[in-house]
Every structure is written in structure tokens, then in C-alpha cells.
Amino acid sequence: MFPAWSEIAEVAKGRLFNFLWIGLFLRLLIAPFVGHPYDSRVFMSVGWSVGHGLTPYGQYTLQDIFSNPSHPHLHGTFYGIGYPPPWGIICGLMYMISHAFSSSIYAYNFALKIPIILGDLATSFLVYKILKRRLGVRGASKAYFAYLFCPYLILVGVVWGMFDVLAFFFSLLSAYWLQEKRALSISCLSISCALKLIPLVLIPLYSIFIQKSTGSWRKAGFYFFSALCLVTVFTLVPMIAFNWPLSNLYHALFPQLSATDIGPYGQTSFTYGCASPFNVLNLIRLSNPTFTVPSFLNYLWVPACVLVYLHAAQAHTKVDLASVLRWSLLTMLVFFTTRSWVSDQNLLFLFSFLMLTTLMESHCWRTIHALWVSLSIFVLVHVPAIAFLWIPNPWTLDVATAFCDGPFGPIRLFAMSGLTLGWLGLSWHFVLKKTRWRKGEDSYFVAS
């Protein structure tokens, strides 16, 4: 079972424990004062609504929630979350905890970061546990340190306030337990999907690996449908238990299938594709604002992922944790390459799977460092960076908005497209060039 007490004791006796405290202190220090200008206010609204028994899929007016607010940006109308209910419930719990002690916006913002901080620490430890057997204590400790203090992960986690690390943690646990503890693997993957819908693309892949390891399509089918059923349970049971309208849930989740013409803080200024390679269409719209994006691009990822599943089913693949991680990386890379909308923080899945696969196969740290640098720069350009300080310094949001909507806005869009092609090219180069194919063996990712 995870965690093993002997391994926790081992960590507590060594330098990893010191790293843990430093990483925790760093996150606690910055958590109250930073946040994404749009998402933070959405989560604050949702936490308040759930804390008062209301749906997390409503439409909220901040000045009605924060009565007589002293902060100039606690106003306006915001929509609820675009995820299944569990994150809304967590926000509600954090609201009730923080407001039991203080009504300060800093306390509330800090409380919303606590699950993310715990996710960072737990995932770093799981990375150490997985790599220890392959790299030894020294190599795994280096990876633990790199993951715990990775600037990109800190940016999209405790700085931004997004919780993708929680979904990835359960996805990674699912991969870790896939062969030995199948029921736990199903449960963890379902929890991951109930937090973020992105890991849904892993359910067919892991079902194929069950078939390969057991030789039974019946067991593979059981894994597939059990995971989907549990995701449905985690989604619908809270809606029914709290008497939240199901129609609101549908309208909140359906946009996940399509691109969103939305600015970085919820305004109407467009940012098509965000971190998706389809953000190059923004450059066309600069000269032709009436340009209409073909709707079929919203669903291009579906046949692309199906091709990956078919390839995985036919490949001569040795079923072990390393191969599961390799194919998870390939699936995520294809998904993010062909999806019309990819949020900055979603690429945490790609980075984490690539880091694990790289260290297990080729030990090439240059690829890992190059990827987190390009992703970090993308986040700082897209938001832009100064806007994360909107809570203690409200003027920073006004400056960031003026920059995005001003004469330098097109430069930002060009930079976003260039950086996207950069991380995309780097990832595909690692997959296609740093590995080779061998007949009769795993046909993907046999390290050269």
C-alpha cells in the first residue's frame, strides 16, 4: 500500500525530509498573496456557494458575496467551475474552514491552496518511490528535488491556484497499481477523472494493458466500464445528494469539448487554443477578425487518440510500469497536440509523464529542463506574470489587461504560438528521435 511506513521513515531520516520542509515553507509563504485573476475569483465564488448549500455551477456576482468589499476587483459576474463536483465540494470545505477563523481574502486564498500544496508534496514522494527502484536512492532523490522545486509546477499550482497536480497524483497511482491492485487502480483513475476530465483518455489505454497482462478482454472490459461507472457516480451522487440541478452540470462540462474564445481574465478578447498548437489561428484573426474556426477541429483529438489505442493494442508491449508510463506520455502528447483548447496547467500531465519516462529510459535531464523552462515562460507570457499579484496589488491586473488589449497584445500572441511550437517540438523530438523501434519488443519508446 502507499505510503509504506518504512519508506516514510527513510525519508524522514534523510535529506529528503529537509527538502520537504523547504518546499512546504516556500509554498506556504507565497500561497496567500498570489493567484490567477480569473480562476481564483471563480473558486472563491464557488467555495462560498457550496458553503451555503448552492450549486457550484451557478452564476455569481462577487459584490453580493463579498459584502462591502475593500478590494477593487471583488466585483463582477463569474460563472462556476467547468469540472465535475468534487473540486467544488473541496472549495466549499476550504471556504468553511477559512471563514471559521478569518474573513480575510488572504486567508481564503490560502485555504484554497492547501489541497494543491498537499498534492505537490504527495506527488513528489510518489515520483521518488517509483524511481527509487530504477535509479537508486541518489537518482530518485535528485528527481524528488527537481519535481518538488520545479518552477513550472509551482507556477501552475500554488501560484496560479490550479489543482491539476491532484488529478495527476491519482492518475500516477492508478498506473502504479495497474497490475498488482486493479481495484485500487480503477478507483484512483476514477477519482482523477472526477477532478479533471483530461485523464479520461487514459481509461481505454489502461484497459488495453489489462488485456495484455491477463489475456482477457473480459477483464479489460470490466476495468473500462467500472472506471466509467465510478466517474459517473462521483459526478452524479453529489449533484443528487445536494439537490443541485443537473442541467447546470451539463452546461458546465460541455464546453470542455470545444475551444473557448475568452480572454485571460474572462473578458471577451479572444485567446483561441491557449496552449494548444491551434493558438496559431489567433495570428490569422489578427488580420481577419471575422475568421471562423472550423468546428470539426474541436473533435480532432477523438480519432487521434483512437489511433493510439489501436496501435497500443497491436504493439508487442511488455506490460510493466515503465511501459504504462511511456504509453501514457504518448497518449497525452497526441491528445494535447490535436485538442483545440489546452490550458497551461493541463500540460502538467505531459511534463510529469515525460520526466518519469525520460529518467526511467534515457536519464536525459536536458530534455526535462528544456521542457519546464519553455512551459514556465509560456505561463508568464500568457497570464501575464504581473497579474498573479492582483490580490495585494490591484493595479497589476489593470496593467496586465491594458497590455493584453493594447498595441503589444499581438506580440504576446506571437510569443504564445512560438513557445507552444517549442514545447511541442521538444516533446515530439524526444519521442521520435531519442528512442528507436525494435521488432518483437515494445514498439514505442525503447531507449537508444
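The structure this text deals with has already been given above.
In this report, we go over the structure that sits alongside the text. All values derive from a computational prediction rather than experimental measurement.

So, on to a nonpolar patch on the surface. A contiguous nonpolar surface patch, about 440 Å² in accessible area, is contributed by Tyr 299, Val 302, Val 306, Leu 307 and Leu 310. Along the chain, Tyr 299 turns up in the loop between helix H13 (281-287) and helix H14 (301-314). Tyr 299 gets classed as partly exposed once you look at its relative accessible area, which sits at 38%.

On to helix H3 (residues 39-51), then. Taking 1.5 Å per residue as the helical rise, H3 with its 13 residues ought to reach 18 Å, and the 18 Å between its terminal C-alpha atoms agrees with that figure. Buried residues belonging to H3 abut strand E1 (59-61), helix H4 (62-65), strand E2 (77-79), helix H5 (85-101), helix H6 (105-148) and helix H18 (395-405). Immediately beyond the C-terminal end of H3, within one or two residues, lies Gly 53, with a positive phi of roughly 80°.

On to the packing of aromatic side chains, then. Summed over all chains, the structure comprises 21 aromatic pairs. With 5.6 Å between their ring centres and 55° between their planes, Phe 33 and Tyr 106 make a pair best called tilted. Within this pair, whereas Phe 33 is found in the loop between helix H2 (15-30) and H3, its partner Tyr 106 is found in helix H6, the two being separated by 73 residues in sequence. Here the aromatic rings of Trp 160 and Phe 388 are separated by 6.1 Å at their centres, their planes lie at 55°, and the arrangement is tilted. Remark: Phe 388 occurs in the loop between helix H17 (365-382) and H18 and Trp 160 occurs in the loop between helix H7 (151-159) and helix H8 (164-176); sequence separation between them is 228 residues. Using a relative accessible area of 3% as the deciding quantity, one classes Phe 388 as buried. Among the aromatic side chains, those forming a connected cluster through ring pairs are Phe 43, Tyr 83, Trp 87 and Phe 163. A cation over an aromatic ring shows up here: Arg 41 above the ring of Trp 390, its NZ or CZ 5.4 Å from the ring centre. Seen from the ring of Phe 163, Lys 196 lies directly overhead, with NZ or CZ sitting 5.0 Å from the centre.

Further remarks concern the environment of Leu 421. Among the secondary structure elements, Leu 421 is positioned in helix H19 (residues 409-433). On the basis of relative accessible area, Leu 421 is assigned to the partly exposed category, the value being 47%. In this structure, the C-alpha to C-alpha distance between Leu 421 and Phe 278, residues 143 residues apart in sequence, is 9.9 Å.

This paragraph deals with unusual backbone geometry. Note: most residues except glycine have negative phi, and most peptide bonds are trans. Cis peptide bonds are those with omega within 30 degrees of zero, and the linkage from Val 383 to Pro 384 qualifies with -15°. By secondary structure assignment, the location of Pro 384 is in the loop between H17 and H18. One non-glycine residue, Asn 243, adopts positive backbone phi at about 60°. On the secondary structure map, Asn 243 appears in the loop between helix H11 (217-241) and helix H12 (246-253). A relative accessible area of 66% places Asn 243 in the exposed class.

We now examine the pattern of salt bridges. Counted under the stated rule, the structure contains two salt bridges. Taking the shortest distance from any N to any O, the salt bridge between Asp 120 and Arg 27 comes out at 2.9 Å. Taken together, the positions of Asp 120 in helix H6 and Arg 27 in helix H2 put the pair 93 residues apart, joining distant regions of the chain. Its relative accessible area of 4% is what places Asp 120 among the buried residues. With a closest N to O distance of 3.2 Å, Asp 164 and Lys 196 form a salt bridge. Linking Asp 164 in helix H8 with Lys 196 in the loop between helix H9 (182-195) and helix H10 (202-214), this pair joins segments that are 32 residues apart in sequence. One exposure class covers both Asp 164 and Lys 196, and it is buried.

The next point concerns the packing of H10 against helix H15 (residues 321-338). Running from amino to carboxyl end, H10 crosses H15 at an angle of 150°, the nearest separation of the two axes being 10 Å. By the angle class used here, H10 and H15 are roughly antiparallel. Both H10 and H15 take part in a crossing whose hand is right-handed. The residues of H15 that touch H10, namely those facing Leu 202, Leu 205, Tyr 206 and Phe 209, are Ser 323, Val 324, Trp 327, Ser 328, Thr 331 and Met 332. Looking at side-chain class alone, the contact of H10 with H15 contains seven nonpolar, three polar and no charged residues.

Rules behind the numbers
Residues numbered from 1 in each chain as written. Predicted model: local features only at pLDDT ≥ 70, side-chain atom pairs only at ≥ 80, totals over all residues. Heavy atoms only, no water. Patch = residues over 30% accessible without salt bridge, like charges linked within 9 Å, V, L, I, M, F, W, Y side chains within 5 Å. Areas by Shrake-Rupley, 256 points an atom, 1.4 Å probe, with all protein chains shown as cover. Salt bridge = Lys/Arg side-chain N within 4 Å of Asp/Glu carboxyl O. Helix = DSSP H or I, 4+ residues; strand = E, 2+ residues; numbered from the N terminus. Buried < 20%, exposed > 50% of the residue type's maximum accessible area, 1.4 Å probe, protein only. Expected span 1.5 Å × (residues − 1). Contact = heavy atoms within 4.5 Å. Phe/Tyr/Trp six-rings, centres within 6.5 Å; stacked < 30°, edge-to-face > 60°. Lys NZ or Arg CZ within 6 Å of the ring centre and 35° of its normal. Axes fitted to C-alpha atoms, helices over the stretch in contact; angles between N-to-C directions. Parallel < 35°, antiparallel > 145°, perpendicular 65-115°, else oblique. Left-handed = near helix turned anticlockwise from the far one by under 90°. Nonpolar A, V, L, I, M, F, W, Y, C, P; charged D, E, K, R; others polar.

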